[in-house]
Each structure stands twice: as structure tokens, then as C-alpha cells.
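# Analysis of the macromolecular model
Okay, here's what each chain looks like letter by letter:
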Number of protein chains: 4
Amino acid sequence: MKKIAVMTSGGDAPGMNAAIRAVVRYAVRNDIEVVGIQRGYAGLLDEDFIKMNFASVGGIMEKGGTILRSSRCPEFVRKETRKEAAAILSKHGIEGLVVIGGEGSLHGAMFLEEEQKVPVVGIPGTIDNDIAMTDMSIGVDTCLNTVVDAIQKLKDTASSHERAFIVEVMGRSSGYIATVAGLVTGAEAIVIPEIPVNYEALGNKILKERERGKINCIVVVAEGAASAYTVARHLEHRIGYETRITILGHIQRGGSPTAFDRLLASRMGVAAVEYLKRGQSFVMTALQGGKIVPVRFDEVLKQKKSLNMELVELTALLS
Amino acid sequence: MKKIAVMTSGGDAPGMNAAIRAVVRYAVRNDIEVVGIQRGYAGLLDEDFIKMNFASVGGIMEKGGTILRSSRCPEFVRKETRKEAAAILSKHGIEGLVVIGGEGSLHGAMFLEEEQKVPVVGIPGTIDNDIAMTDMSIGVDTCLNTVVDAIQKLKDTASSHERAFIVEVMGRSSGYIATVAGLVTGAEAIVIPEIPVNYEALGNKILKERERGKINCIVVVAEGAASAYTVARHLEHRIGYETRITILGHIQRGGSPTAFDRLLASRMGVAAVEYLKRGQSFVMTALQGGKIVPVRFDEVLKQKKSLNMELVELTALLS
Amino acid sequence: MKKIAVMTSGGDAPGMNAAIRAVVRYAVRNDIEVVGIQRGYAGLLDEDFIKMNFASVGGIMEKGGTILRSSRCPEFVRKETRKEAAAILSKHGIEGLVVIGGEGSLHGAMFLEEEQKVPVVGIPGTIDNDIAMTDMSIGVDTCLNTVVDAIQKLKDTASSHERAFIVEVMGRSSGYIATVAGLVTGAEAIVIPEIPVNYEALGNKILKERERGKINCIVVVAEGAASAYTVARHLEHRIGYETRITILGHIQRGGSPTAFDRLLASRMGVAAVEYLKRGQSFVMTALQGGKIVPVRFDEVLKQKKSLNMELVELTALLS
Amino acid sequence: MKKIAVMTSGGDAPGMNAAIRAVVRYAVRNDIEVVGIQRGYAGLLDEDFIKMNFASVGGIMEKGGTILRSSRCPEFVRKETRKEAAAILSKHGIEGLVVIGGEGSLHGAMFLEEEQKVPVVGIPGTIDNDIAMTDMSIGVDTCLNTVVDAIQKLKDTASSHERAFIVEVMGRSSGYIATVAGLVTGAEAIVIPEIPVNYEALGNKILKERERGKINCIVVVAEGAASAYTVARHLEHRIGYETRITILGHIQRGGSPTAFDRLLASRMGVAAVEYLKRGQSFVMTALQGGKIVPVRFDEVLKQKKSLNMELVELTALLS
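Residue numbering note: each chain is counted from 1, following its sequence as written. Note on labels: chains are lettered from A, ligands numbered from 1, in written order. Only residues with pLDDT of 70 or above have their local features reported here, since the model is predicted, and side-chain atom pairs are shown and tallied only from 80 upward, although totals for entire chains, interfaces and linings are computed over all residues. Water and hydrogen atoms play no part in the side-chain values, which are based on all heavy atoms of the structure.

### Describing the relation of the copies chain B and chain A
Least squares is the method for superposing the copies, and the C-alpha atoms it fits come from residues with pLDDT of at least 70 in both. Taken as rigid bodies, chain B and chain A are interconverted by a rotation of 180° and an axial shift of 0.0 Å, the fit giving an RMSD of 0.0 Å. The transformation relating the two chain copies, once decomposed into turn and shift, fits a two-fold axis. When C-alpha distances to the rotation axis are compared across chain B, the minimum falls at Ile 247 of chain B, with a value of 2.4 Å. A symmetric contact is evident, with 100% of the interface residues of chain B recurring at the interface of chain A. The contact criterion used throughout is that any non-hydrogen atoms of two residues lie within 4.5 Å.

### Topic: the pattern of salt bridges
Whenever Lys or Arg places a side-chain nitrogen within 4 Å of a carboxyl oxygen from Asp or Glu, that contact is recorded as a salt bridge. One pass over the full model with this rule turns up 48 salt bridges over all chains. Here Arg 39 of chain C and Asp 46 of chain C are joined by a salt bridge, their closest N and O atoms 3.0 Å apart. Relative accessible area decides the class of each residue, using a 1.4 Å probe on protein chains only: under 20% of the type maximum gives buried, over 50% gives exposed, and in between gives partly exposed. Look at Arg 39 of chain C and you get buried, because its relative accessible area is 18%. As a salt-bridge pair, Glu 242 of chain D and Arg 244 of chain D come within 2.8 Å of each other at their nearest N and O atoms. Taking the relative accessible area as the measure of exposure, Glu 242 of chain D reaches 42% and is therefore partly exposed. Members of the salt-bridge network, linked through shared partners, are Lys 3, Glu 33 and Lys 51 of chain A.

### Quick look at the domain arrangement of chain A
All names here are of chain A. Split into domains, chain A comes out as domain 1 (3–139 + 257–301) and domain 2 (141–253). Domain limits in this description derive from either an automatic procedure or a database domain assignment. If you average the C-alpha positions of domain 1 and of domain 2, the two centres end up 34 Å apart. Across the contact, 15 residues belong to domain 1 and 12 residues belong to domain 2. Here the residues of the side of domain 1 that touches domain 2 sort into six nonpolar, four polar and five charged. Under this grouping Gly is polar, as are all residues other than the nonpolar Ala, Val, Leu, Ile, Met, Phe, Trp, Tyr, Cys and Pro and the charged Asp, Glu, Lys and Arg.

### Quick look at unusual backbone geometry
Residue Lys 117 of chain B is not a glycine yet carries a positive backbone phi of 60°. Mapped onto the elements, Lys 117 of chain B comes out in the loop between helix H4 (103–116) and strand E5 (120–124). Look at Lys 117 of chain B and you get exposed, because its relative accessible area is 63%. With a phi angle near 55°, Arg 39 of chain C is a residue other than glycine that sits in the positive phi range. Here a helix means four or more residues in a row that DSSP labels H or I, a strand means two or more in a row labelled E, and each is numbered from the N terminus. Following the sequence through the fold, Arg 39 of chain C ends up in the loop between strand E2 (33–37) and helix H2 (40–45).

### Topic: the nonpolar core
Take the buried residues of types Ala, Val, Leu, Ile, Met, Phe, Trp, Tyr and Cys, join any two whose side-chain atoms come within 4.5 Å, and each joined set is a nonpolar core. One finds Tyr 176 of chain A, Tyr 176 of chain B, Tyr 176 of chain C together with Tyr 176 of chain D to be the most contacted residues of the largest nonpolar core, which totals 295 residues. When near neighbours in sequence (up to four residues on either side) are disregarded, Tyr 176 of chain D contacts Asp 128, Asn 129, Met 136, Val 140, Leu 144, Leu 307 and Leu 311 of chain D.

### Describing the pairing of strand E9 (residues 243–247) of chain B
All names here are of chain B. Among the five residues of E9, four are classified as buried, and the element is accordingly described as predominantly covered. Here, a strand pair is defined by DSSP locating no fewer than two bridges between the strands. Examined bridge by bridge, strand E6 (residues 164–169) and E9 share five bridges and lie parallel to one another. Among the inter-strand pairings, Ala 164 is bridged to a residue of E9, identified as Thr 243.

### Some details on the interface of chain D and chain C
Contacts between the two partners involve 36 residues from chain D, matched on the other side by 36 residues from chain C. Two parts placed together each lose some accessible area under a 1.4 Å probe, and adding up what both lose gives the buried area. Summed over both sides, the interface between chain D and chain C buries roughly 2800 Å², with carbon and sulfur atoms accounting for 53% of that surface. Between chain D and chain C we count zero salt bridges in total. Elements represented by at least two residues in the side of chain D that touches chain C include exactly helix H5 (140–158) and strand E9 (243–247) of chain D. If you tally residues by element for the side of chain D that touches chain C, the top one is H5 of chain D, at six residues. When the residues that make up the side of chain D that touches chain C are grouped by side-chain class, the tally is nine nonpolar, 17 polar and 10 charged.

### So, the pairing of strand E2 (residues 33–37) of chain D
Residues and elements named next belong to chain D. Of all five residues making up E2, four are buried, and the element is well covered by its neighbours. Note that strand E1 (residues 3–9) and E2 share four bridges and pair parallel. The partner of Ala 5 across the bridge, within E2, is Val 35. Whether a crossover is right-handed depends on one test, that the path from the first strand over the helix to the second runs clockwise when the strands point away from the viewer. The parallel pair E1 and E2 is bridged by helix H1 (residues 16–29), and the resulting crossover is right-handed. Pairing of E2 with strand E3 (residues 49–52) involves four bridges; the strand directions are antiparallel. Within the sheet, the bridge partner assigned to Gly 36 lies in E3 and is Ile 50.

### Thoughts on the packing of aromatic side chains
Residues and elements named next belong to chain C. Each aromatic pair joins two rings of Phe, Tyr and Trp (for Trp, the six-membered one) with centres within 6.5 Å, and gets the label stacked for planes under 30 degrees apart, edge-to-face for over 60, and tilted for any other angle. Using the criterion set out here, one finds 12 aromatic pairs over all chains in the structure. With a centroid separation of 5.6 Å and an interplanar angle of 85°, the aromatic rings of Phe 282 and Phe 297 are classed as edge-to-face. Placement of the pair is Phe 282 in the loop between helix H9 (259–277) and strand E10 (283–288) and Phe 297 in helix H10 (residues 297–301), with a sequence separation of 15 residues. Judged by relative accessible area, which is 10%, Phe 282 ranks as buried. Taking the ring centre of Tyr 241 as reference, the NZ or CZ of Arg 210 above it sits at 4.0 Å. A ring has a charge above it when a Lys NZ or an Arg CZ is no more than 6 Å from the ring centre and no more than 35 degrees off the ring normal.

### Side note on the UniProt feature "binding site: Mg(2+)" (unreviewed entry) in chain A
All names here are of chain A. UniProt positions are given in the numbering used here, feature names are shortened, and annotations may be inferred rather than shown by experiment. Here, UniProt's "binding site: Mg(2+)" (unreviewed entry) annotation points to Glu 103. Note on placement: Glu 103 falls in helix H4 (residues 103–116). Overall, the relative accessible area of 28% leaves Glu 103 in the partly exposed class.

### A short note on the sheet that holds strand E10 (residues 283–288) of chain B
Residues and elements named next belong to chain B. Across the sheet, seven strands lie side by side as E3-E2-E1-E4-E5-E10-E11; this open sheet has mixed pairing. The sheet terminates laterally at strand E3 (49–52) and strand E11 (291–296), the two strands that pair on one side only. In this sheet, neighbouring strand axes are inclined to one another by 30° on average, regardless of whether the strands run parallel or antiparallel. Each axis is a line fitted through C-alpha atoms, taken for helices only over the stretch in contact, and angles between the N-to-C directions span 0 to 180 degrees. The sheet strands contacting helix H9 (residues 259–277) are strand E1 (3–9), strand E4 (96–101), E5, E10 and E11, and the helix crosses E10 at an angle near 140°.

### With respect to the relation of the copies chain D and chain C
Superposing chain D onto chain C takes a rotation of 180° combined with a translation of 0.0 Å along the rotation axis, leaving an RMSD of 0.0 Å. In this assembly, 100% of the residues forming the interface of chain D have copies in chain C that are likewise at the interface, indicating an isologous arrangement.

### Focus: the interface of chain B and chain A
Contacts between the two partners involve 36 residues from chain B and, on the opposite side, 36 residues from chain A. In this assembly, chain B packs against chain A so that about 2800 Å² is buried in total across both faces, 53% of it on carbon and sulfur atoms. Sorting the residues of chain B by area buried against chain A places Lys 153, His 250 and Ile 251 of chain B first, and these three jointly supply 22% of that buried surface. For the interface between chain B and chain A, the tally reads zero salt bridges. Polar contacts, as used here, are pairs of N or O atoms within 3.5 Å; protein pairs need one atom able to donate a hydrogen and one able to accept it. Residues neighboring in sequence count only if both atoms are side-chain atoms. Summed over the shared surface of chain B and chain A, the result is nine residue pairs in polar contact (both at pLDDT 80 or more). In terms of residues, the side of chain B that touches chain A owes the most to one element, helix H5 (residues 140–158) of chain B, which gives six residues. Its residues assigned to classes, the side of chain B that touches chain A shows nine nonpolar, 17 polar and 10 charged.

### Focus on helix H8 (residues 228–239) of chain D
Along an α-helix, residues three or four positions apart point the same way, because every turn accommodates 3.6 residues. Residues and elements named next belong to chain D. Any helix carries an expected span of 1.5 Å times its number of residues minus one. An ideal rise of 1.5 Å per residue puts 16 Å on 12 residues; H8 measures up with 16 Å between its terminal C-alpha atoms. Three or more residues of H8 are buried, namely Ala 228, Val 231, Ala 232, Leu 235 and Ile 239. Burial along H8 is one-sided: seen end-on, the buried residues are contained in an arc of 100°. Facing away from the buried side of H8, by more than 90 degrees, are the exposed residues Arg 233 and His 237. Elements in contact with the buried residues of H8: strand E6 (164–169), helix H7 (199–211), strand E8 (217–222) and E9. As used here, the arc belongs to the directions running from the helix axis to the C-beta atoms.

Here it is, written out as C-alpha cells:
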């Protein structure tokens, strides 16, 4: 392997830069040339490439976002497009590709190798924690801490007033962030896509907590389950006092990555190059029991990471 | 002066606890007894009082919110209610009152002294920075830093995608927070109550910035000017790409107070007791040119703090 | 099991409060009474006990330190003392004990059960990450993030001057924190107890980096390997420019726990009570591959967690 | 004025980048060309210049340190050297200079104009807050918040043990940071250059606090008054329990600047260019009563900013 390329694709996640840095530096240490592809698959098709070396990834590890930028590229679902992509990579003498991104991006990676025979290694980067077979994806830990900090600020003010606070967090199909954030901040309730919401029960729970003497009330809602406004509308007349809304939005994708995400990304970046170097591809780097291991694309992508329901129970038990 | 009371009223603001601590400890050092009134004017009417001493305010300075809690008390606009409040204070032997809060709370304080002859000193505590005659109110600095941190996180991700981000911040009648937060984060535009919004011009500005090569776009909106959703709806078809919403809500009222707010609150708390001790009341503690000075309630409350328009210009000039 | 006790012992670690909260609340949910023992084994011997209920652990999860306080209790190495402790527990009708702490504290716990037949479950809480058989101990993640934030601040200024910065971090017998912190901040070098320091080689490495064009230089030193002053003295004349010292000290034990530590602590607290409830003791709760499992005291304590040397290599490869 | 230069000099301070950004952008808006001088006066003499434009200061406001880097340049005390500097500036057609730095740097600036007739405007940037005639210098607010965060973490653990913590902070000739940080964290004592330390009295104070029931004890020491180790040595045998040391060092110079520092720096940067544009020089931008005003170099530099002793009293009164 003489030359590889690296890209970030899909929604960005904190820690992606640490992964890019590790890919580039470990490759350079192994005398492999690295090309950075800007703006994901879209940039691949536009040949938006930059040469990367040891120095070009200096001082990026601590930055949120991705220096290679990212984009969504719907046309990559077409086989024709992927064929073109493979031709471009081949033209540039690129023998292997590292794709850092979420489920959609890894699907693109899988097809690129399966059909076009481009050796690809994937790195799971998404704040949603919805990728199977890896204990954690890059960005989840930072995102969680951002959400926890925000809710903690709400609790300061929540205990000064008589109000319910509804916080909408990310999680289109997964309630992981809402559940863990709710659990570790002692939120009064969570609303997640995995469990149909029962507003009657929710309202009663809140009223009951209040009778017990609780003066603050925080409900964490995953965007995939309902909007904060919908929850507020359903609750207000049931609980008889005002609600206030916070929608964190994309601040959940930003921020300097935590130590955990930087470490995970560094280890996965090194592993990705190591796999390519020894001729192993069609795999994603995964964290399993503290170790980084390769897992096959087709195995990862045929399943959905399901939420550990014990966490949901804990949230109810401990708050 | 043998016995005074202290309360927090209206919307809470970070630093209120530091003010309570300073009031209590400075009073105790001067052999003045202190009663804490819980839940503002509502708690006054309910005689929801607690005795406070040196130890009861230990470890509270760093906490957001207010340990005395707060509430809105609409019935306090009635003279009858204020008469009742004065009678309660008198019954408890309370000779002076310190009210920490925003404009509405200070109005209540003014009438309480004017009509009922209760000696009151006010301390300006509100994140809105809309109280006249003081350079800053307690809570503004912390709130600003919370907003700036959030927008900074957005900028990480903003520069990874092609999107416009609309951030709604507090400020019902004042654009101070939106303006300064926009200025110090280099936001592309601000929407504030002081200036009628022109969506056509706003859209054009964003398009022009983009032609100049800017890849991120952040618009900071004060809640008093428009909702983030309204701004988004007006912009999307004009700029031709997607927008994303963040509504910070009450997280802006929380958080451990900054060094500035703790210092300001400590100095104002001490000054308030000092004024009462020397027989000066019907005043608010104010920060003017680095010094804490007393300003008369009637002078403060007859005016509105207007936004320094140079800050608005700076935002446009430097971004 | 009708009544249990919980204590924190040894050096405190962020997240201990989340563990206490989980122990108390999960016990209460299972109709088990909980006694809080203050100041660890010393408090046990003094019968410094408080009754705990659902409300008494409200709002503590986010706090650093431990509300039960902690202490070192050297006399607990004596069998006589442990016999006394068992008698006290028995007198109070306490049928099981949860001990949250580091290696020394868990040794005490082991002997208490082995000799005195008190059912004990341990929870690993220490920032050193030196407890075997568990992937992580409570407090490590928070500590790492504190160190990383501090070093990141140094990097700002380091790149503005021509100086070397020596940062001394915790780790009496383990270089884990120094290694990971060095790795995820791109520090130029680490000095850890696991590897004898060679100042000649260290000086040469720094000089070489500088020739490559690096303008900042940060060396992270574990307290168990050398003091920052010693490292500085050895380096200054070798590298020919000034060094500056930072000693983080006990700020590494403080701070609001991260999401990770709160989650880990909550899960371990629940597991500890669950084990006692079902008659399982003489075990420590351990994190293995994402699951909480019981591991026997004698197995945990006969080994030492050794540092993953791959991390040390990564630090050198990527910086 | 067609062309000006900007530099940062001496110890760096958070917010310097915001000042550079404002200088460059406001100059560009006024059709004035800007040259960035790297590494302060040393870089001036080496003609280490870079052309700056609107884009070259994008995304720097939030960064600690200074993108122009800084250095100390002892030879600038010589008149010959300053003559050379003036010749270089003239050769490059630079008609005005903005110097961002502390007292030493402003002295250089003053002589450069006085003797060599180079129009210079100074901007006070130093974390020490020791520059006269301005309420605040750039960097002080960020530094204070960094110190406060660190001490707050110590307090978590301090209240878990029986120990005294000695924290050494910056302040060679000024106790401002130690005093305010001590005041707003409720530290038990401060040791500052302005007041000769009496270890006997300090020890007694700590013992007395302890008798009152305080379990934590934090002493904040300005580096200019004593080293943390000296204080520890003097205290330990007097108070009879252990001390622990934290030396924050240069982390106090780093970190993303606070909203306050960014705003102050932005306003001062704009003012500096405005002064040069209208032919006003030999002045420093100063914050007085919320306004930015020009003050003459000779007036500023003939005095020393003295510490407000009321703050010292407050620290004692309220803790």
C-alpha cells in the first residue's frame, strides 16, 4: 500500500479530526502517502483532494467538526456514481480508502468495495450511537457531555421556579442520548423513539413527583420521538403549570472532543491504516470490550444497534 | 438596624446566591440579624421565612439559581397587598429589606418604600441587562458566556456543512445579549428588538457573505424580535439552503456564575447592607465606572437602559 | 437483606456521589434501609452514621467529591480494629456494606468479609485507574478531561513562546493518566513510572522536534515517576531554553463528574445493591466489555492493573 | 494613513487574537493596509512580517494565545535598536503601529514614538491587571475564570478531606488575581505582594476557622509574594495537618477568551485604528467607566495600578 485517501462523510461528530490526524500520521510513519478528500463523497466526485502530511494535521485534534468538511451525497446510492468514484480513486493511484462517518456513509463504503473492489475501512463517527457491533462511536461521549452540561444549567434555574422544562436532543431513530442524559442528570422523564409516549401517564408521573415535594421537572425528548413543542402542548393542561422549551440542535455536534473521543478516534485511526496495510478491508473498526477490532461491513450494516433497555429502567428507578 | 430581610424575585440570574451570601455575611459581621424570604414577594406574603447565619450561606456562591428560590407575584401590583407585606415585615421586627431582582421586582420595592415606608435597597439581578444607570446587572456576564460557548460549538459544525444556523437567545425587550454574543462570536447577522428586521436585506447579506467564500452562517435572534422559526421560514427560500434551529431557553439562566458576576454580586450585597446600616434606602446598588454607588429607585425606574448602538455597528463591521 | 450501609474511603474521585445516590435509591426501591457512614473506616469506628433516604441524595450526582466525606484509616490494617468495626455494624443491624474506594479501601473490605464475615461489595473509585479486572474505575474519565483541558490551555500559550512546559499529573504507581493525557493532547513526551526516564534521550527528542519546526513543547510527568522540578532541572541545560512548571495537584480529584463517570457510578451502585440483595458478596463491581459484572475481591487484589503499552507507543507515534 | 502594522509583545494573554482581528478588519474597512509583525519587537527587527487581510483573521477570535506569536526582546531597551526598528518600519511604508502587550511592551512603544517619531497606539494586554488608567486589561477576565474554575474543583475535594490546599497563581507584582480569585471562591486566606505575610497570624486564622467547623481550607498565593512550597512549609507545623500544592502556571495564560475579553479586545482594536486614522498617537486605549478612551503613554507608564484594598478586606469579611 503506497497511497491511501481519508474522508469524513455525513453528519459531523466531535473527534473526527482526531481520527483524521491518526490516519495521516500513522500512514506517514509507515511511508504511506495520504490524500485528504474534502466534503465526503461529493468531494470525491469533484476530485476535491488535498495532499496531507505530518504537519497538516497538527493542532486539529482538539477541534470540533472536521477539517476535511463533510456533506451528504444522495447520488452515491447510484451504482454509476460509485463506478465513477472508483475510477477517480484509481486515476490518482489511491489504493485504499478510510471513510469516517455514520451508517449511511458506511453503506456507501460497503458498496464501493463490494462492487468496485476499492479496499475500504470504515470508522464509526456519529453522535447517535446507532451503529451496531461497536460499544461506542466517535462523538457520542462529547455529545453526551454537552447535553448533560446544558441540562445541569437548567436544573439550577428549574429549582428556582415552578415550571417544567422540555429539552429536545438529537436522536432520530435512537433514544440513546436522551436516555443516558436523562439518567445521569436525574431528569424526571424521557421520551424516546423506542417507547410509544403516553402523555396521560407522563403527566401523572410529573404530578406525582411534585406531590412528593420535587420542585424541578425536566423532560428529555429525543427528536425522533416528538418535538419539544408537541410534548409541551400535551403536558401543559395536564400538569397545570407552564413549560419552557430548550432545543439544543447542532451545538450537540460541536465542541472540543472529550478525552474519551480523542482516544477512541486515535486508536481507530491507527487501526484503520494498520488493516489496510496488512491487506484487510471491507471492515469497520469497532470498540469491543476495550479493544479495537475489525468487523465486516455486511455484518455491521445488516443490524441496528438497539438501546439497552436496562438504562431506561434505571432512569425511572433512580430519578 | 437590628434585623433585615433578603429576597430574590422575578426571573433568576446566576450570581444571585453570591449576593445573598454577601448580604448575610456582611450583616452578621455587623451584628445585624438576617431573615431569608423564600419565593420572593409571594413568600413574603406567606411568611415563608428562614433564619440565616454565616454558615447557612456556605458553599452557595458557585451555584446557579437562587437558594431562596424566586417567583413572580402579580398581586403585588395592588396597594393592599403591599400594605399587608409591610405589616408582616413589621410584625417580624424587620427594619430593612434587600430585594435582588429585575425591573418588575425593583418596582415592587420602590412602591413598598414610597407608600409603606419600608426601607428597601435593591440589587439589579437580571440576565437581560435592561436596568438603567448601572453598567451591568448580576447574571449578564454569565449568561453571555453561556451563549458564546453554545454558538462556538455551532461554529465547529457550521464550518463542516453548508447550512445556516439560527440561534434564539433571551432578551424580551433588549437586544443586548444577541448583539454582544453575535459580536464576540463573529456571527453573520443579528435580529434584535431595537431594529426592525428586513428579511430581504438579511437574505442578501447572507448570500453575499457566501459569495465571498464564507462557509458558515450564524444568525443570532433575540426572542423579543422574532422566533427562530419565523426567521428560518423567511430565510430559507431566500438563501436557497437549509437552516437549523437552536433555542437555548432557560439554560441561559443557569450555570455557575463567572468571576465577574460573583465579584459584582459580592460587592453589591455588601453595599446594600452598608446603605441600610447608615440609614440610606430607596436606592439600588449600581456599578458605575468600576465603583458601586447608590442610585434612587425613581430615577432608575423612570428610564429604560438603551442598547449602545456602536455595538450593533461593530458586529456588522467586524464579521 | 433489610439494612445496609455505604461509605466512601481513601482518596476521593468524581462520581462517588453518583454511586452513593444509586446505592441509596436502588436500595430504597427494594425496601432496604440505608445507613451512610461518614469519613470511611474512621467514621465506621466512630459510629459517625446518618440515615439516608430517597431525598437525602437529591441533587448530589453532579457534585465532585463525596457527600459522605472520606478519610484514610491506617489502623484498619489491624485485625482488632476490623473486629471492632464488624461489631459496630452488627450492633446497628447492618447486614451488608458497600465500600466505594481504591485499592487500599478494597483490601480493608476484603479482610472485613474474610475474617469478620461481614458481607461486603466493593465499587472501584479512584482516579488512578490502577484497579485490575475492571476496564475503568469511577473518576478516571473526569480526571482525564480535567488534565486535558489544562494542557490544552497550555498549548495556546506554548505556541506563542519558545519554552518547554512540564506538567505534573497524578499517578503514584500508574502512568495511565499521564499517558492518555499526553496522547490525546499531542504532548511531545511523557515521563511515567512504568518506564525509566532517560533525560539525555528526552532532551534530544525535544531538540529534534524543534528542528522539525515545532514551536511548542509539552512534557507530561506522572508524579510517581519524577517531580516536575526534577524534570525541568534535567532538561533546561540540555535543550537550552527555559521551562515552565504546572502542578495540577488535587484539582484532578474535583469537578463535576462527566457523563461517563455518572453512568458508570450509577450502574455500579445499582449492581452493588443487587448483589447484596441476592446474597452475593466478597466481590467488586467491574466494567468488562460494556457490562457490569462481579469479580472476587481476592482475584482483583492479587494483581496490579498494568498499563497498556500500546498507548505509550501511540503517544510517540502520533505526536 | 495608508498602511499600519500590528504586533503582540511580552507575555501573551487570552483575547489578543480578538484585538488583532479587530485591528485588521477595521483597518481593511477603512482602506488601510495591515502588516502583521510576528514575535513582537524581535520579529520587527527580523522583518518577520506577513500581509494581513479580512480572511486572515477569520476564526481566530475564540483562540487563546496570539496568532502573531510573541517574544521578549531585551535589546529593545537600547536606543540604537529602536532607531533600527523605526528605519525598518519606514522602509516598509508603515505609517503607524499598534502594540498589544503589557507594561514593558508599552514602554518600548512609548520610546519608539518619543524618539523615533513612529506613531504608535498601545492596547493593554496582560493577565496581571497591573496597567494604570484602564479599569481592565485584555486577558484578566479569562485568567480569573480559569483560576476560579481550578479552585472550585479543589473545593470539591477539599471538603472531603482534612487538608489545607495552597494554590499558587500569577501576579509578579500585583495581588489582583489572587485577591479576586480568593474573594469569589471563598478562599480562607490570600498571600499577596502588597501585604507582608505573617505566617503566625495565617496559621492562627486557619486553626480558628477549623474550630468554627470549616472542613476545607484554601490559601491562594500570588507568585510575587511567595512560592506555594514556602507557604506550605511555614504552615504545616503551625496547623498540624498536611498541605497539598497546586501551581497553575501558564494554564492561566491560555483558554478561549471570555465574552468580556473578546468584547474589550474588539472595542480596543477598533479604537486603536480609529485613533491612528485621525492622527492621534502616543496613547493607549483604556477602559474607563464602560467607555474606551485614549490615555497618554507617559501618564499611564509613570504610575502603577494599585490594588483596591477594599477587595482585600472583602475577602476577609466574607470568607
